[in-house]
Amino acid sequence: MEKARPLWANSLQFVFACISYAVGLGNVWRFPYLCQMYGGGSFLVPYIIMLFVEGMPLLYLELAVGQRMRQGSIGAWRTISPYLSGVGLASVVASFFLATYYNIINAWAFWYLFHSFQDPLPWSVCPLNHNRTGYDEECEKASSTQYFWYRKTLNISPSIQDSGRVQWEPALCLVLAWLVVYLCILRGTESTGKVVYFTASLPYCVLLIYLVRGLTLHGATNGLAYMFTPKLEQLANPKAWINAATQIFFSLGLGFGSLIAFASYNQPSNNCQKHAIIVSLINSSTSIFASIVTFSIYGFKATFNYESCLDKVILLLTNSFDLEDGFLTPSNLEQVKSYLASAFPSKYSEVLPQIKNCSLQSELATAVQGTGLSFIVYTEAIKNMEVSQLWSVLYFLMLLMLGIGSMLGNTAAILTPLTDSKVISRHLPKEAISGLVCLVNCVIGLVFTMEAGNYWFDIFNDYAATLSLLLIVLVETIAVCYVYGLRRFESDLKAMTGRTLNWYWKVIWAGVSPLLIISLFVFYLTDYILTGTLKYQAWDASQGQLVTKDYPPYALAVIGLLVASSTMCIPLVALGTFIMRCFKRKGDTPPVA
């Protein structure tokens, strides 16, 4: 007798699971960067438009497909058409790649969390050199936060060719991260449904605490003014619109199969339209909320650096020209500099190379995203706060909750098709399947703990799930609207939920979304072609900064394989199905008498 499909205990569990999956690290470390790059408040205009014409409709489509077909991604698309099994397989491959590299971020968060209990914080000061006669040279040329990240955490090699050895401390943190994920998914929806309450709600509590603290920091208003001052000329920049569409697309986690997997455990009568609207609005609101927190921290950091720079210039001029202590102030600095330059030209010209150009605007305009924002910029700000250990613990606990919440969705996208398979589930219990998936991912993930691991992390992050996801979602929309049939799908939804499909969803699904995805696909392809030889940022210890280098041929080959391995699933499985059917027809043809 076939087992009944597991269900969420209630619809709230499902909503929390979707929020925990969708609201991830991208909301905290990419959206604020895009606001900074594309006009502050004016970036919200294309972002909100893209939410309603792309994000929300495609989220609804995936939830509706999962709830209607009541299977993981492979089974759901096979039900629509046997030729579309490759769409589900492509989603599983993309999710596998994502899970492999995404959990290393949780490992780094664990590493920083464990070090957050030290006083002083280990990234707040540079260590002494081997002779104990001064500070470490690499740290002095960079900064204490950069040194802790690149040298102590990653122990990064000078190039991707220098693989180095596995770093045992990050490797242990990675094993811990996968153990936590395994315990969360051990009993399927039963255990995940309880964990998501915590992973979905705790980040908001921390963000709220950080907002209150951030707004009270000196210089926070400078950051908020920078964010909310719109640069309307950016609305004419096509890249602002493309990045808004891309951010919505990837932030909601479309195309990975996670949303289809989650929705497959719903009651058929569940109002998935309402839940799609709720999840997408909460996801976008979180991005904006996180940006307010981030820019208040940005403002504090920028103001602190700006005032430190001014203090150094004042000290330099005071000592060089024997000025009275307290005579030079930030308010009269420019005036006194002009006077000294005219009164003592030769002496001033000697000092001039040492005088830094201090600018608050340039400090605020320094745009950083990804790991650089979380593990360098934020830690730079945290070390200058009072009770810095507390703020550090809260921050990295929040990163962990965001990361683990997203990992629950990533692993669900892999496990649901596997547990749905009668061949696999007949021989292995669910706990064993989950354990094997976690083990395989963990072993492969050890690559990211090597000295060149961060370079491979960037490759996976940039290329494992970009073009492939766009292609997957494009085929999904075409499959529902033109293969399965929009009218048929509409009648299925009405039979399930008792609600008629609004014209808005039909217009977006059938026309607007496919055209938009094709535009994004063309943009990415054009961008890759025009870029020429792909490059990466390598850490130069002698300069204490990042330098640009070309990827070696074998790294380019890996990039090609990452892109092709998921995208080629769609045509290859369709071709294989066609050939199998042709052979079957020949076998079924009766012999001619």
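Quantities reported herein were computed from a predicted structural model and do not represent experimental measurements. (Residues numbered from 1 in each chain as written. Predicted model: local features only at pLDDT ≥ 70, side-chain atom pairs only at ≥ 80, totals over all residues. Heavy atoms only, no water.)

## Side note on the state of the cysteines
Then step 1. In the structure shown here, the tally under the stated rule is 2 disulfides.
Then step 2. Through a disulfide, Cys126 is tied to Cys139; the S-S separation comes to 1.9 Å. Taking the sign of the torsion about the S-S bond as the criterion, the disulfide between Cys126 and Cys139, at about -80°, is left-handed. Remark: Cys139 occurs in helix 7 (residues 137–141) and Cys126 occurs in the loop between helix 6 (85–115) and helix 7; sequence separation between them is 13 residues.
Then step 3. Residue Cys126 is classed as buried on the basis of its relative accessible area of 18%.
Then step 4. Along the protein, the cysteines engaged in disulfide bonds are linked according to the scheme 1-2, 3-4 when indexed in sequence order.
Then step 5. Left without a disulfide partner, Cys272 is nearest to the cysteine sulfur of Cys18, which lies 10 Å away.
Then step 6. The exposure class assigned to Cys272 is buried, which follows from its relative accessible area of 1%. (Disulfide = S-S within 2.5 Å. Helix = DSSP H or I, 4+ residues; strand = E, 2+ residues; numbered from the N terminus. Buried < 20%, exposed > 50% of the residue type's maximum accessible area, 1.4 Å probe, protein only.)

## Concerning helix 6
Then step 1. Across its 31 residues, helix 6 extends 46 Å between first and last C-alpha, which sits within 8% of the 45 Å expected from 1.5 Å per residue.
Then step 2. In helix 6, a bend of some 25° at Ala99 exceeds every other bend along the element.
Then step 3. Summarising burial for helix 6: 28 of the 31 residues are buried, a large majority. (Expected span 1.5 Å × (residues − 1). Bend = angle between axes of the 7 residues up to and from the residue.)

## Topic: the pattern of salt bridges
Then step 1. With the rule as written, the count across this model stands at 7 salt bridges.
Then step 2. The partner of Glu334 in a salt bridge is Lys337, with the nearest N and O atoms 3.5 Å apart. You can see Glu334 and its partner Lys337 sitting in helix 15 (residues 333–343), 3 residues apart, about one turn around the helix.
Then step 3. Accessibility expressed as a relative area gives 53% for Glu334, which makes it exposed. (Salt bridge = Lys/Arg side-chain N within 4 Å of Asp/Glu carboxyl O.)

## Quick notes on the nonpolar core
Then step 1. Grouped together as the largest cluster of nonpolar side chains are 180 residues, with contacts concentrated most on Tyr60, Leu63, Trp77, Tyr210, Ile459, Phe489 and Trp509.
Then step 2. With 19 residues, helix 6 is the single largest residue contributor to this core.
Then step 3. Ignoring anything within four residues of it in the chain, the contact list for Ile459 reads Ile160, Ala464, Tyr551, Ala555, Ile559 and Leu562.
Then step 4. Judged by nonpolar contacts, the second largest core, of 16 residues, contains Ile314, Phe321, Val336 and Tyr348. (Core = buried A, V, L, I, M, F, W, Y, C linked by side-chain atoms within 4.5 Å. Contact = heavy atoms within 4.5 Å.)

## Considerations on the side chain of Thr567
Then step 1. On the secondary structure map, Thr567 appears in helix 25 (residues 553–567).
Then step 2. Relative accessible area serves as the criterion here: at 13%, Thr567 is assigned to the buried category.
Then step 3. If near-sequence neighbours (up to four positions away) are discounted, Thr567 is found in contact with Leu467, Ser468 and Leu471.

## Digging into the packing of aromatic side chains
Then step 1. Within the structure shown, the criterion is met by 47 aromatic pairs.
Then step 2. Taking the centre distance of 4.8 Å and the plane angle of 25° together, the rings of Tyr536 and Tyr551 count as stacked. A residue pair is termed long-range when its members are at least 10 positions apart, and Tyr536 in strand 1 (residues 535–540) and Tyr551 in the loop between strand 2 (545–550) and helix 25 qualify at 15 residues. We note that Tyr536, like Tyr551, is buried. (Phe/Tyr/Trp six-rings, centres within 6.5 Å; stacked < 30°, edge-to-face > 60°.)

## Some details on the environment of Pro57
Then step 1. Here Pro57 lies in helix 4 (residues 44–69).
Then step 2. Between the C-alpha atom of Pro57 and that of Ser280, which follows or precedes it by 223 residues, the distance is 9.5 Å.
Then step 3. Apart from residues lying up to four places away in sequence, Pro57 is in contact with Leu51, Phe52, Tyr504, Trp505, Ile508 and Trp509.

## Here's the deal with helix 22 (residues 453–463)
Then step 1. For helix 22, a buried count of 8 out of 11 residues is recorded, marking the element as mostly surrounded by other parts of the structure.
Then step 2. Looking at helix 22, one finds that the buried residues are Gly453, Asn454, Tyr455, Trp456, Phe457, Ile459, Phe460 and Tyr463.
Then step 3. Taken together, the buried residues of helix 22 touch helix 6, helix 8 (144–153), helix 18 (371–383), helix 24 (503–531), strand 1 and helix 25.

## Section: a nonpolar patch on the surface
Then step 1. Together, Val423, Ile424, Leu428, Leu436, Leu439 and Val443 give the surface a local cluster of nonpolar side chains, amounting to about 510 Å² of exposed area.
Then step 2. Going through the elements one at a time, helix 20 (422–427) and helix 21 (430–445) are the ones with two or more residues in the nonpolar patch.
Then step 3. Broken down by element, the residue count for the nonpolar patch peaks at 3 residues, all from helix 21. (Patch = residues over 30% accessible without salt bridge, like charges linked within 9 Å, V, L, I, M, F, W, Y side chains within 5 Å. Areas by Shrake-Rupley, 256 points an atom, 1.4 Å probe, with all protein chains shown as cover.)

## Quick word on the UniProt feature "binding site: Na(+)" (unreviewed entry) in the protein
Then step 1. Cross-referencing UniProt, the feature "binding site: Na(+)" (unreviewed entry) maps to Ala22, Val23, Asn27, Ser251, Asn283, Leu402 and Ser406 in the present numbering. In three dimensions, the annotated residues from a span of 385 residues occupy one location, with a maximal C-alpha spread of 12.6 Å.
Then step 2. Here Asn283 shows up in helix 14 (residues 272–320).
Then step 3. Engagement of the side chain of Asn283 in a polar contact is seen with the side chain of Asn27, the distance being 3.1 Å.
Then step 4. Looking at the secondary structure, you find Leu402 in helix 19 (residues 388–420).
Then step 5. For Leu402, a relative accessible area of 3% corresponds to the buried category. (UniProt positions renumbered as here; feature names shortened; annotations may be inferred. Polar contact = N/O pair within 3.5 Å; in protein donor to acceptor, adjacent residues only side chain to side chain.)

## As for the environment of Met580
Then step 1. Structurally, Met580 can be placed in helix 26 (residues 569–588).
Then step 2. Taking relative accessible area as the criterion, Met580 reaches 61% and is therefore assigned exposed.
Then step 3. Sequence separation of Met580 and Gln537 is 43 residues, and the distance between their C-alpha atoms is 47 Å.

## Thoughts on the pairing of strand 1
Then step 1. Where strand 1 and strand 2 come together, 6 bridges link them in antiparallel fashion. Within strand 2, the position partnered with Tyr536 by the bridge is Lys549.
Then step 2. Linkage of strand 1 to strand 2, two consecutive antiparallel strands, is achieved through a turn of 4 residues, within which Gly544 is found at a positive phi near 70°. (Pairing = 2+ DSSP bridges.)

## Let's talk about the side chain of Glu62
Then step 1. Secondary-structure assignment places Glu62 in helix 4.
Then step 2. Beyond its immediate chain neighbours, meaning those up to four positions away, Glu62 contacts Leu254, Gly255, Leu259, Ile260, Val473 and Glu476.

## Comments concerning the environment of Leu176
Then step 1. Locating Leu176 in the fold gives a position in helix 9 (residues 168–185).
Then step 2. Given the relative accessible area of 28%, Leu176 is considered partly exposed.
Then step 3. Once residues within four sequence positions are removed from consideration, Leu176 is found in contact with Phe110 and Phe114.

## Focus: the packing of helix 1 (residues 11–22) against helix 10 (residues 189–215)
Then step 1. For the pair helix 1 and helix 10, interaxial distance at closest approach is 8 Å and the crossing angle is 60°. If you check the angle between helix 1 and helix 10, you find them oblique. Crossing handedness for the pair helix 1 and helix 10: left-handed. Note on element contacts: helix 10 touches helix 1 through Thr189, Gly193, Lys194, Val196, Tyr197, Thr199, Ala200 and Tyr204, opposite Leu12, Gln13, Phe16, Ala17, Ile19 and Ser20.
Then step 2. In terms of residue class, the contact of helix 1 with helix 10 is built from 8 nonpolar, 5 polar and 1 charged. (Axes fitted to C-alpha atoms, helices over the stretch in contact; angles between N-to-C directions. Parallel < 35°, antiparallel > 145°, perpendicular 65-115°, else oblique. Left-handed = near helix turned anticlockwise from the far one by under 90°. Nonpolar A, V, L, I, M, F, W, Y, C, P; charged D, E, K, R; others polar.)

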